[in-house]
Amino acid sequence: MFFNVQRMINEIVPDEPDPAAANALQEGLGGQFGEMRTMMQYLFQSFNFRDPKAKPYRDLLYGIGTEEISHVELIATTIATLTDGSPRYTGRSSAVDGPGAKGATPLANALSEGNIQHFLVGAQGALPVDSAGNPWSGSYVSNSGNLVLDLLNNLMLESTGRLQKCRIYEMSSNKTLRTTVAYLIVRDQAHENAYAKALETLGVDWGRLLPIPKTSGERFPEVAKLLEQGLENKNYTFGLDHLSEAGRILRGSSPSNPEHVLTTAQAPEGAALKIAKPRPEEFSPGLDPELLELLQATAEAEIAAADEPDKFGALA
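My aim in this report is to walk through the structure given alongside it, one point at a time. All values derive from a computational prediction rather than experimental measurement. (Residues numbered from 1 in each chain as written. Predicted model: local features only at pLDDT ≥ 70, side-chain atom pairs only at ≥ 80, totals over all residues. Heavy atoms only, no water.)

Quick word on the packing of aromatic side chains
Logical step 1: The final tally for this structure, using the stated rule, is 7 aromatic pairs.
Logical step 2: Ring geometry for Phe 2 against Tyr 62: centres 5.9 Å apart, planes inclined by 20 degrees, an arrangement best described as stacked. Here Tyr 62 lies in helix H3 (residues 55-83) and Phe 2 lies in the segment before strand S1 (7-8), a separation of 60 residues in the sequence.
Logical step 3: Judged by its relative accessible area of 41%, Phe 2 falls in the partly exposed class.
Logical step 4: In this structure an aromatic cluster arises from ring pairing among Phe 2, Phe 44, Phe 47 and Tyr 62. (Phe/Tyr/Trp six-rings, centres within 6.5 Å; stacked < 30°, edge-to-face > 60°. Helix = DSSP H or I, 4+ residues; strand = E, 2+ residues; numbered from the N terminus. Buried < 20%, exposed > 50% of the residue type's maximum accessible area, 1.4 Å probe, protein only.)

Notes on a nonpolar patch on the surface
Logical step 1: A contiguous nonpolar surface patch, about 460 Å² in accessible area, is contributed by Leu 287, Leu 291, Leu 292, Leu 294 and Leu 295.
Logical step 2: Looking at the secondary structure, you find Leu 295 in helix H8 (residues 289-307).
Logical step 3: Given the relative accessible area of 48%, Leu 295 is considered partly exposed. (Patch = residues over 30% accessible without salt bridge, like charges linked within 9 Å, V, L, I, M, F, W, Y side chains within 5 Å. Areas by Shrake-Rupley, 256 points an atom, 1.4 Å probe, with all protein chains shown as cover. Salt bridge = Lys/Arg side-chain N within 4 Å of Asp/Glu carboxyl O.)

Concerning the environment of Ser 173
Logical step 1: Secondary-structure assignment places Ser 173 in the loop between helix H5 (147-171) and helix H6 (175-200).
Logical step 2: The class for Ser 173 is exposed, based on a relative accessible area of 63%.
Logical step 3: Considering only alpha carbons, one finds Ser 173 and His 260, 87 residues apart in sequence, at a separation of 31 Å.
Logical step 4: Not counting residues up to four positions away in its chain, the partners in contact with Ser 173 are Asp 15 and Arg 178. (Contact = heavy atoms within 4.5 Å.)

Quick word on H6
Logical step 1: Its 26 residues place the ends of H6 37 Å apart at the C-alpha level, agreeing with the 38 Å of an ideal helix rising 1.5 Å per residue.
Logical step 2: In terms of burial, H6 is largely enclosed, as 24 of its 26 residues are buried. (Expected span 1.5 Å × (residues − 1).)

Here we look at the layout of surface pockets
Logical step 1: Space inside the largest pocket adds up to approximately 930 Å³.
Logical step 2: In this structure, the largest pocket is lined by 30 residues; those nearest its centre are Phe 3, Thr 66, Phe 238, Gly 239 and Leu 240.
Logical step 3: Those elements that place two or more of their residues in the lining of the largest pocket are S1 and H3.
Logical step 4: Within the lining of the largest pocket, the residues separate by chemical class into 13 nonpolar, 10 polar and 7 charged.
Logical step 5: The computed volume of the second largest pocket comes to approximately 680 Å³.
Logical step 6: Along the wall of the second largest pocket there are 23 residues; nearest its centre are Pro 14, Thr 81, Asp 84, Lys 274 and Ala 276.
Logical step 7: Contributing elements (two or more residues each) for the lining of the second largest pocket: H3 and strand S6 (271-272).
Logical step 8: No other element matches the 3 residues that H3 contributes to the lining of the second largest pocket. (1 Å grid on protein atoms, 1.4 Å probe; cavity = no way out; pocket = protein on both sides within 12 Å on 5 of 7 lines; lining within 4 Å. Points joined across faces, edges and corners; volume = space filled by probe spheres on them. Nonpolar A, V, L, I, M, F, W, Y, C, P; charged D, E, K, R; others polar.)

As for the side chain of Ser 254
Logical step 1: Here Ser 254 lies in strand S3 (residues 253-254).
Logical step 2: Residue class for Ser 254 comes out buried when judged on its relative accessible area of 1%.
Logical step 3: Side-chain polar atoms of Ser 254 contact the side chain of Asn 193, separated by 3.4 Å.
Logical step 4: A distance of 3.0 Å separates a polar atom in the side chain of Ser 254 from a polar atom in the side chain of Asn 233.
Logical step 5: When sequence neighbours within four positions are dropped, the list of residues in contact with Ser 254 reads Asn 193, Asn 233, His 260, Val 261 and Leu 262. (Polar contact = N/O pair within 3.5 Å; in protein donor to acceptor, adjacent residues only side chain to side chain.)

Some thoughts on empty space enclosed by the protein
Logical step 1: Per the counting criterion, the structure on display carries 1 cavity of 30 Å³ or more.
Logical step 2: Reported here for the largest cavity is a volume of approximately 40 Å³.
Logical step 3: Around the largest cavity, the lining residues are Asp 59, Leu 60, Gly 63, Ile 64, Asn 235, Tyr 236, Thr 237, Ala 246, Leu 250 and Thr 264.
Logical step 4: Broken down by secondary-structure element, the contributors of at least two residues to the lining of the largest cavity are H3 and strand S2 (234-236).
Logical step 5: Top element by residues in the lining of the largest cavity is H3. It accounts for 4 residues.
Logical step 6: Class assignment for the residues of the lining of the largest cavity results in 5 nonpolar, 4 polar and 1 charged.

Side note on unusual backbone geometry
Logical step 1: Its identity as a non-glycine residue notwithstanding, Asp 51 has a phi of 90 degrees, on the positive side.
Logical step 2: Of note, Asp 51 is situated in the loop between helix H2 (35-47) and H3.
Logical step 3: At Gln 124, a position not held by glycine, the phi torsion is positive, near 65 degrees.
Logical step 4: With respect to the helices, strands and loops of the structure, Gln 124 is situated in the loop between helix H4 (116-120) and H5.

Encoded structure:
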């Protein structure tokens, strides 16, 4: 089973809306090497895992796969943040007036910036597609049933995804995009290290190959701060029962930097989760006054019912 905590795994830093940056980030969400694939691939590999004696490897897959759920949430929310209110964005003070002010066409920018489906289909939110608008496909998922082959495939997936995120970082100076992408660059390196370490225990000698791409991203300021925390060498188990055996694999020197040591933890602290404001110009205004009154009345009725003594208590 899975549990959720209503916090973001990493803070989303506010900046101006940027629908073009949002569309670039769609590749990191629904692309062939995006977070939707890593989530599904690792979880299916863990669900289909065989051999109780190899449980540490199953727990490794399970922990990283669970973290990828939060990465999907982080990217999707970042995309929504980058598109939210973007029709009002002009780079000038008129942005304060809001969509449609002074007779302006509220969604005009949707015709020229980013992915029109963010506005036309998604009401200024993320979609399960790549940056070209192609739907995410389950055919991306690799689950061969062979542990070594799956670990090699996973390492390739993390490395390619990290390479693409380094490119996305260089495409925009938007703080919202860069903060999220920087966090994912570092976490992808942590997962590179995890899968490489697992393969080391199975006989692979990496030598000078890792990390891929051949940089830890120190020249990216947001990445450098995370590297100072050693986040590239820490992996999370997300196990409430603390019975994960992944720590039997994730210890000793880091495959990408022998001077550092791999560690495990249950879960990160996370950051406060914020719900976006309604967008009337998208006909997604949330609850109108009548529905709000109905919600309030329903809540009050349920509270009153809970406080009322059980009429049948004497018979119980």
